[in-house]
Amino acid sequence: MRLDLPHEGIDLEAYADAAVGLVSRVAGTEAMAAVVYTDEEGQATPDGLVLPHAVAVDELLGCAEEAGLRVVDALCVTPGGWSSYIEDAPVLRPLTQISSPPEVPASVGDVSGDQSAGAELPRVDLAEKERVGRAALELAALLDQEGTGRVTGRENPQLIAALVLLEDVPAFFESVLAAPDTLPPFATATLLWCLARPMLRDVAIAQWATDQAGGARALEAQTVFAESGGMIPDEVGRVFLGQGPAPDVDRLRLALSVVRAAAARAPRASRPAPLTAAAWLSWAQGRATHAGRYLAMVREIDPDYSLAALLETMIGGAVLPEWAFQRGSAQ
C-alpha cells in the first residue's frame, strides 16, 4: 500500500489513524512494515543520526501498536543510504545493499516504474482524432436532447449504424469490451455521447463492474428515476461507492482500456466524461494515484465537472472500495 508522505501542517495523528485504518481493513492482517522513500537526508546531531520524517513514523508505529498490529520494521531510504527507525542508534547503510534485490517471482507481475506509470493516455495520431471529432459532430447534429434521431435516409451509413447501437445501450457497452483499443470512429463517438450523459455514464460504470444484466437493471432503474423520481436501487448506488461483491478485475481493466482510448481520441471538450470514467475504474482497482491523475486532467478542462469533484472528495478522504481490501481482488 503506497501513501504520500505527510506534508507540512498536516495533523500527524489523523494521518497515522487513516493509514493504519486502511491497513487494518485488509482481512487477516496481523503485522505491518513501513518503508519511507524520501529525497531528504538524515541529520547528524550530538545524540546520533535523526532520520527524515521520524516524528510521523513514530506516530504511525504507535497507532499500529494500539490497533494490535505487530511492527516488523520501519525503514528509511534516502539519497545517501538506508536505515531503520526502530534501531536505538540508526546508521546509514549503502544503497548498493538494496539496489539489486532478489529475483521477483513471475506471479507478482511487473513492478518496474513508479506509482504513476501507465496513467498517461495512449498516443493517437491527428488523423484519427479528426475522424472521431467529425463523427461526434455528425452524431450530435442528428440527436436531439432526448437522444432520438431524425433520420432522412441521406445520412452517412456509419452514422445510421451508430444510431442502431443506441437501440440497446447495455449490448453496446458490452460490445466495446471485445475490442477496447480498436473501436471505429463512429463507435467511439457513440460511446463519448453516452458517457457525456450522467444517466448512461452511470449505467456503463455499473455494467462494467458487474455484467450486462447488471447494466440492464441499472438502465431500467435510471429510467424510472428520470421519469418518476423513484429511488435508485441500493445495488446500483453500492457499486458506485465500492460496496458489495468484488468486480471481475479483467472487466475493469478492459473497460479502462476502452475509456482511455476514447479519451485519447476525443475532442478536448469531450474528454471529461471518459476521463472521469477512467478515474472511477482505476479507483475500483485500488489505484487511487492513477485515478487522481485522470481527475487532474478533467480539472484542467472543466473544474466544475460534478462527478470528478465527488471522486476527488472520496480519494482525498482516503476512501477506497471495500473490495480493494479483499485478498486477490485487485492486482
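About the criteria used
Residues numbered from 1 in each chain as written. Predicted model: local features only at pLDDT ≥ 70, side-chain atom pairs only at ≥ 80, totals over all residues. Heavy atoms only, no water. Helix = DSSP H or I, 4+ residues; strand = E, 2+ residues; numbered from the N terminus. Buried < 20%, exposed > 50% of the residue type's maximum accessible area, 1.4 Å probe, protein only. Contact = heavy atoms within 4.5 Å. Areas by Shrake-Rupley, 256 points an atom, 1.4 Å probe, with all protein chains shown as cover. Patch = residues over 30% accessible without salt bridge, like charges linked within 9 Å, V, L, I, M, F, W, Y side chains within 5 Å. Salt bridge = Lys/Arg side-chain N within 4 Å of Asp/Glu carboxyl O. Lys, Arg positive; Asp, Glu negative; His and termini not counted. Charge placed at Lys NZ, Arg CZ, Asp CG, Glu CD. Pairing = 2+ DSSP bridges. Axes fitted to C-alpha atoms, helices over the stretch in contact; angles between N-to-C directions. Arc of directions from axis to C-beta. Phe/Tyr/Trp six-rings, centres within 6.5 Å; stacked < 30°, edge-to-face > 60°. Expected span 1.5 Å × (residues − 1). Parallel < 35°, antiparallel > 145°, perpendicular 65-115°, else oblique. Left-handed = near helix turned anticlockwise from the far one by under 90°. Polar contact = N/O pair within 3.5 Å; in protein donor to acceptor, adjacent residues only side chain to side chain.

Undergrad: Would you explain the overall build of the protein in this entry?
TA: Looking only at helices and strands, one finds 14 helices and five strands in the protein. Across the 331 residues of the protein, 40% fall into the buried class. Of the contacts made within the protein by residues no fewer than 6 positions apart, 65% connect residues no fewer than 24 positions apart. Accessible area for the protein stands at about 18000 Å²; split by element, carbon and sulfur atoms hold 54% of it.

Undergrad: Where do I start with a negative patch on the surface in this structure?
TA: Taken together, Asp11, Glu13, Asp17, Asp58, Glu59, Glu65 and Glu66 make up a surface patch of like negative charges. Here Glu66 is to be found in helix α2 (residues 54-66). For Glu66, a relative accessible area of 72% corresponds to the exposed category.

Undergrad: Help me understand unusual backbone geometry in this model?
TA: Negative phi is the rule for most residues except glycine; trans is the rule for most peptide bonds. A positive phi angle is found at His53, which is not glycine, with a value near 60°. A relative accessible area of 21% places His53 in the partly exposed class.

Undergrad: Sorry, what's going on with the sheet that holds strand β4 (residues 70-78) here?
TA: The strands that make up a sheet are held in pairs by hydrogen bonds between backbone atoms, and each pair lies either parallel or antiparallel. Read from one edge of the open sheet, three strands run β1-β4-β5, paired in mixed fashion. Strand pairing shows two members of the sheet lacking a second neighbour, β1 (31-37) and β5 (81-84), which therefore form its edges. Between one strand and the next, the sheet's axes are offset by a mean angle of 15°, whatever the strand orientation. Bridge count for β4 against β5 is four bridges, and the pairing is antiparallel. Across the sheet, the residue bridging to Leu75 is Ser84, located in β5.

Undergrad: How do you make sense of helix α14 (residues 306-316) when you look at a structure like this?
TA: Along an α-helix, residues three or four apart share an orientation, since each turn contains 3.6 residues. When α14 is considered as a whole, its buried residues turn out to be Leu307, Ala308, Leu311 and Met314. All buried residues of α14 project into a common sector of 120° when viewed along the axis, lining one side. α14 presents Ser306, Thr313 and Gly316 as exposed residues on the side facing more than 90 degrees away from its buried surface.

Undergrad: What am I meant to see in the pattern of salt bridges here?
TA: It is possible for side chains bearing opposite charge to pair when their charged atoms get close. Here the structure, examined in full by the defined rule, presents nine salt bridges. The shortest N-O distance in the salt bridge between Arg131 and Glu128 comes to 2.9 Å. In this pair, Arg131 and Glu128 are both assigned in helix α4 (residues 126-142), three residues apart and thus about one turn of the helix distant. Of the charged contacts in the structure, one is a salt bridge between Arg251 and Glu174, with a shortest N-O distance of 2.7 Å. Placement of Arg251 in helix α11 (residues 249-265) and of Glu174 in helix α6 (residues 169-175) is noted, with a sequence separation of 77 residues between them. Classification of Arg251 by relative accessible area gives buried; the value is 13%. Overall, Glu174 belongs to the partly exposed group, its relative accessible area being 22%.

Undergrad: Sorry, what's going on with the packing of aromatic side chains here?
TA: Geometrically, a pair of aromatic rings is defined through the distance of the ring centres and the angle of the planes. By the definition in use, this model includes three aromatic pairs. Arranged with centres 6.1 Å apart and planes meeting at 50°, the rings of Trp280 and Trp283 form a pair that is tilted. You can see Trp280 and its partner Trp283 sitting in helix α12 (residues 272-284), three residues apart, about one turn around the helix. Both residues of the pair, Trp280 and Trp283, belong to the buried class. An aromatic cluster is present here, built from Phe172, Phe173 and Trp208 joined pairwise through their rings.

Undergrad: Looking at this structure, how should I read helix α8 (residues 198-209)?
TA: Taking 1.5 Å per residue as the helical rise, α8 with its 12 residues ought to reach 16 Å, and the 16 Å between its terminal C-alpha atoms agrees with that figure. The buried count for α8 comes to nine of 12 residues, which makes it a mostly enclosed element. When we look at burial in α8, the residues that qualify are Leu200, Arg201, Val203, Ala204, Ile205, Ala206, Gln207, Trp208 and Ala209.

Undergrad: Help me understand the environment of Ala226 in this model?
TA: Positionally, Ala226 belongs in helix α9 (residues 212-228). Overall, Ala226 belongs to the exposed group, its relative accessible area being 57%. Here the alpha-carbon distance between Ala226 and Met199, two residues 27 residues apart in the chain, equals 8.5 Å.

Undergrad: Sorry if this is basic, but what is going on with the packing of α12 against helix α13 (residues 288-301) here?
TA: Think of two packed helices as two axes; the pair is described by the angle between the axes and how far apart they sit. The geometry of α12 relative to α13 is characterised by a closest axis approach of 8 Å and an angle of 160° between their N-to-C directions. As summarised for this structure, α12 and α13 are arranged roughly antiparallel, according to the angle between their axes. Between α12 and α13 lies a crossing whose hand is left-handed. Taking contact as the criterion, the partners of Pro272, Leu275, Thr276, Ala278, Ala279, Ser282 and Trp283 in α12 are, on α13, His290, Ala291, Tyr294, Leu295, Met297, Val298 and Ile301.

Undergrad: Explanation requested: the side chain of Thr276 in the structure shown.
TA: With respect to the secondary-structure elements, Thr276 resides in helix α12. Since its relative accessible area comes to 0%, Thr276 is described here as buried. Polar side-chain contacts of Thr276 include one of 2.7 Å to the backbone oxygen of Pro272.

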